[in-house]
Amino acid sequence: MKRAMIQRFIAVLSLALVVFGMISYVVSGNRLLDNTIVNMRQVIGSIDYALDYNEDVNSQVKEIQKALKNNLRITVLKNDGSVVADTDAADIEMLSNHSDRDEVKQALKNGFGYATRYSDTLSEKMLYVAEQTQNGAYIVRVSIEYQGLTDYLRILLPPLLIAIIFVFAAAMLVAGRFSYTVTKPLGEIAEEMLHIRSEEPEFDFKTYQYEELNIISYTTDQLINEIKENMDRLDFEKKVRQEFFSNASHELKTPITSIKGYTELLQNNLANSEETKKDCIQRIIRETDHMTNLINDILMISKLETKELSVDISEVRIAPLLAEVLESLQPIAIQNEVTLHQDCQPIVMQDSVDQLRELLSNLIMNAIKYNRPGGDVWVTIIKQSSEMTITVKDNGIGISEEDKARVFERFYCVDKGRSKKSGGTGLGLSIVKHIVSYHSGTLELESELGRGSTFTIRIPMQNENVV
Ligand code: ADP
């Protein structure tokens, strides 16, 4: 990366130098030509002033050239282009008519003209400047060797080369330093990221000069935190699952031990009276029922948790469903001397009939079980704005303030004996909570010891209606 950065830096710099050089060459060349022409016109003015055209012009210009002490070539022409005097020609009679020369043509037309060309007479590239004299009868032309900027290049080249070498060295240094300020933080960030391998990864990203680098550290930090949170969540879920399995096996072990005990009594003929035998068999049946309830609830909860439950969605008519649940629980209500009341709007919705049945029967069953003889259970189902509200209220034993938060935990029973006697598993409310959260609904519990409990569940409804 460092190498690539330096290479690109130098490539851009070279391009800039070439473009700058070309533009300077053209602009300075033009400027130099303009200045030279101005100077030469001043010289022409002086020559014109000094010349006496009635005398021998040729010898006069030679004198002037000597006086000027430079290699200026002076030519004096008549307006018809014939040469009157020339400092560099041995015999002016031999010189051809100059009226076809560019600078002469321009001078005849505009009073002044110039041209650059190769002179056959002097074998040099020359600049010619011609101007009409004050009296208008002649044209004075001066010419010098003219190479443009090429003449200066020999002088300019050494300092230019030194400057270029200096600029390139400086560019490499700056590019090197710049790439270091980027590559170093990247290396540090990568090194810091390797801490993820440790057991308890801790990250300490520095703040850098460039915002983009800080974004990398910030995003990495966030990602790592998310990974950590996910890992913690997975650990927690693993722990909860392990706890669940250990609780479940513990809960199953108790009825199995009882069944084994009663079976052994029967096998070893230790239950001698008919009555004891009958009692043993009845206990075995009760424990088997309890195991069946437990297994069903465990299966239900594990399916709900792993979201494996293939949810069959169909049109559910809530009022007939509630009637069915109440009818199935009626014998237990009679047994417990509890009266069931219902008030249900004729709601129809798209939902899982199995989940709604499970939810209603768990709540109503609890309201019957944890009641007292002569008690009541009120079930109300209404549609309020776009949600269905299910209320199961009883005037039974109630739940204490400290137990309220715990009753939704798995296998939690306030009174284990009472729960088990009525076929409870400690999983009913946990299943209710899962079903409600599957529906993105809310669950509320109001209760007072000795006065009764009210469970309120709100389930959002879409496109469903009250018929
Ligand atoms: P269980 O199978 O024991 O009924 P649940 O999860 O359904 O398990 O209920 C957990 C505990 O919450 C019960 O053991 C009981 O103590 C208490 N509980 C549940 N519903 C009621 C209620 N309506 N009135 C009083 N206590 C209740």
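Rules of the game
Residues numbered from 1 in each chain as written. Predicted model: local features only at pLDDT ≥ 70, side-chain atom pairs only at ≥ 80, totals over all residues. Heavy atoms only, no water. Helix = DSSP H or I, 4+ residues; strand = E, 2+ residues; numbered from the N terminus. Rg over C-alpha atoms; globule rule 2.2 N^0.38 Å. Buried < 20%, exposed > 50% of the residue type's maximum accessible area, 1.4 Å probe, protein only. Contact = heavy atoms within 4.5 Å. Lys, Arg positive; Asp, Glu negative; His and termini not counted. Charge placed at Lys NZ, Arg CZ, Asp CG, Glu CD. Expected span 1.5 Å × (residues − 1). Polar contact = N/O pair within 3.5 Å; in protein donor to acceptor, adjacent residues only side chain to side chain. Axes fitted to C-alpha atoms, helices over the stretch in contact; angles between N-to-C directions. Parallel < 35°, antiparallel > 145°, perpendicular 65-115°, else oblique. Left-handed = near helix turned anticlockwise from the far one by under 90°. Nonpolar A, V, L, I, M, F, W, Y, C, P; charged D, E, K, R; others polar. Pairing = 2+ DSSP bridges. Salt bridge = Lys/Arg side-chain N within 4 Å of Asp/Glu carboxyl O. Core = buried A, V, L, I, M, F, W, Y, C linked by side-chain atoms within 4.5 Å. Domains from an automatic or database assignment. Phe/Tyr/Trp six-rings, centres within 6.5 Å; stacked < 30°, edge-to-face > 60°. Lys NZ or Arg CZ within 6 Å of the ring centre and 35° of its normal. Near = heavy atom within 4 Å. Areas by Shrake-Rupley, 256 points an atom, 1.4 Å probe, with all protein chains shown as cover.

Notes on the overall build of the chain
- Each helix and strand in the chain was counted, giving 11 helices and 13 strands.
- Against the 2.2 N^0.38 benchmark of 23 Å for 467 residues, the chain shows a C-alpha radius of gyration of 55 Å, more extended than a compact globule.
- Along the longest, intermediate and shortest principal axes, the C-alpha atoms of the chain span 170 × 55 × 35 Å.
- By the burial criterion, 36% of the 467 residues in the chain qualify as buried.
- A separation threshold of at least 6 residues defines the contact pool for the chain, and within that pool the share at least 24 residues apart is 63%.
- For the chain, the centre of its 50 positive side-chain charges and the centre of its 66 negative side-chain charges are spaced 3 Å apart.

Some remarks on helix α2 (residues 57-68)
- With 12 residues, α2 extends 16 Å between its outermost C-alpha atoms, agreeing within 8% with the 16 Å of an ideal straight helix rising 1.5 Å per residue.
- Buried residues along α2 sit against α1 (2-50), β1 (73-78) and β2 (83-86).
- Structurally, the start of α2 carries an N-cap: the backbone nitrogen of Asn-58 is 3.2 Å from a side-chain oxygen of Asp-56.
- Positive backbone phi, at 55 degrees, marks Lys-69, one or two positions downstream of α2.

As for helix α6 (residues 274-306)
- Between its terminal C-alpha atoms α6 stretches 48 Å, which fits the 48 Å expected from 33 residues at 1.5 Å a residue.
- All of the buried residues in α6 are Cys-280, Ile-284, Glu-287, His-290, Met-291, Leu-294, Asp-297, Ile-298, Met-300, Ile-301 and Leu-304.

What to know about the packing of helix α8 (residues 353-369) against helix α11 (residues 428-438)
- Running from amino to carboxyl end, α8 crosses α11 at an angle of 140 degrees, the nearest separation of the two axes being 9 Å. Here α8 lies oblique to α11, going by the angle between them. For the pair α8 and α11, the sense of crossing is left-handed. In contact with Gln-355, Glu-358, Leu-359, Asn-362, Leu-363 and Asn-366 of α8, α11 contributes Gly-428, Leu-429, Ile-431, Val-432, Ile-435, Val-436 and Tyr-438.
- Each residue belonging to the contact of α8 with α11 can be placed in one class, and the counts come to eight nonpolar, four polar and one charged.

Focus on the sheet that holds β2
- Here five strands make up an open sheet; going across it, the order is β2-β1-β5-β4-β3 and the pairing antiparallel. Edge positions in the sheet fall to β2 and β3 (112-119), since each has one partner strand and no second. For this sheet, the mean angle separating the axes of adjacent strands, direction not counted, is 20 degrees.
- Summarising the sheet, β1 and strand β5 (residues 138-145) pair through six bridges and their orientation is antiparallel. The residue bridging Val-76 from the neighbouring strand is Val-140, located in β5.

Concerning the packing of α1 against helix α4 (residues 150-193)
- Contact pair α1 / α4: the axes reach a minimum separation of 10 Å and the direction vectors enclose 155 degrees. By the criterion of interaxial angle, the relationship of α1 to α4 is roughly antiparallel. Our pair here, α1 against α4, has a crossing hand that is right-handed. Where α1 abuts α4, its residues Lys-2, Met-5, Ile-6, Phe-9, Ile-10, Leu-13, Ser-14, Leu-17, Tyr-25 and Leu-32 lie against Thr-150, Tyr-152, Ile-164, Val-167, Phe-168, Ala-171, Met-172, Val-174, Ala-175, Gly-176, Phe-178 and Ser-179.

As for the pattern of salt bridges
- Tallying each qualifying case throughout the model produces 20 salt bridges.
- The shortest N-O distance in the salt bridge between Asp-100 and Arg-101 comes to 3.6 Å.
- Each member of the salt-bridge network shares a partner with another, and the members are Glu-103, Arg-117 and Arg-141.

Observations regarding the nonpolar core
- Ile-318, Ile-364, Val-377, Ile-381 and Met-388 are the most contacted members of the largest nonpolar core, which totals 48 residues.
- When residues of this core are assigned to domains, at least three map to each of domain 2 (205-310) and domain 3 (313-466).
- What Met-388 contacts, discounting residues up to four positions off in sequence, is Ile-318, Ile-347, Met-349, Leu-356, Ile-381, Ile-382, Lys-383, Ile-457, Arg-458, Ile-459 and Met-461.
- Listed in part, the 23 residues of the second largest apolar core include Met-40, Tyr-53, Val-61 and Tyr-146.

With respect to the packing of aromatic side chains
- Summed over all chains, the structure comprises six aromatic pairs.
- When the ring of Phe-112 is compared with that of Tyr-114, the centres are 6.5 Å apart and the planes differ by 35 degrees; the resulting orientation is tilted.
- Within the aromatic cluster, the residues linked to one another by ring pairs are Phe-244, Phe-245 and Phe-411.
- Cation over ring: Arg-41 sits above Phe-112, and NZ or CZ is 3.8 Å from the ring centre.

Considering the domain arrangement of the chain
- In terms of domain boundaries, the chain breaks down into domain 1 (2-154), domain 2 (205-310) and domain 3 (313-466).
- Using C-alpha coordinates to define each centre, domain 1 is positioned 107 Å away from domain 2.

What to know about the site of the ligand
- Around the ligand, the surrounding shell holds 21 residues, and the nearest of these are Tyr-370, Ser-419, Thr-425, Gly-426 and Leu-429.
- Between the ligand and the protein, one listed contact pairs a nitrogen atom with a side-chain N or O atom of Asp-394 at 3.0 Å.
- Note that an oxygen atom of the ligand is positioned 3.3 Å from one of the backbone N or O atoms of Gly-428.
- Relative to its unbound accessible surface of 530 Å², the ligand loses 98% to contact with the protein.
- Mapped onto the shell around the ligand, the elements with two or more residues apiece are α8, α11 and β12 (452-460).
- Of the residues forming the shell around the ligand, the biggest block, three residues, is contributed by α8.
- Here the residues of the shell around the ligand are counted per class, giving 11 nonpolar, eight polar and two charged.

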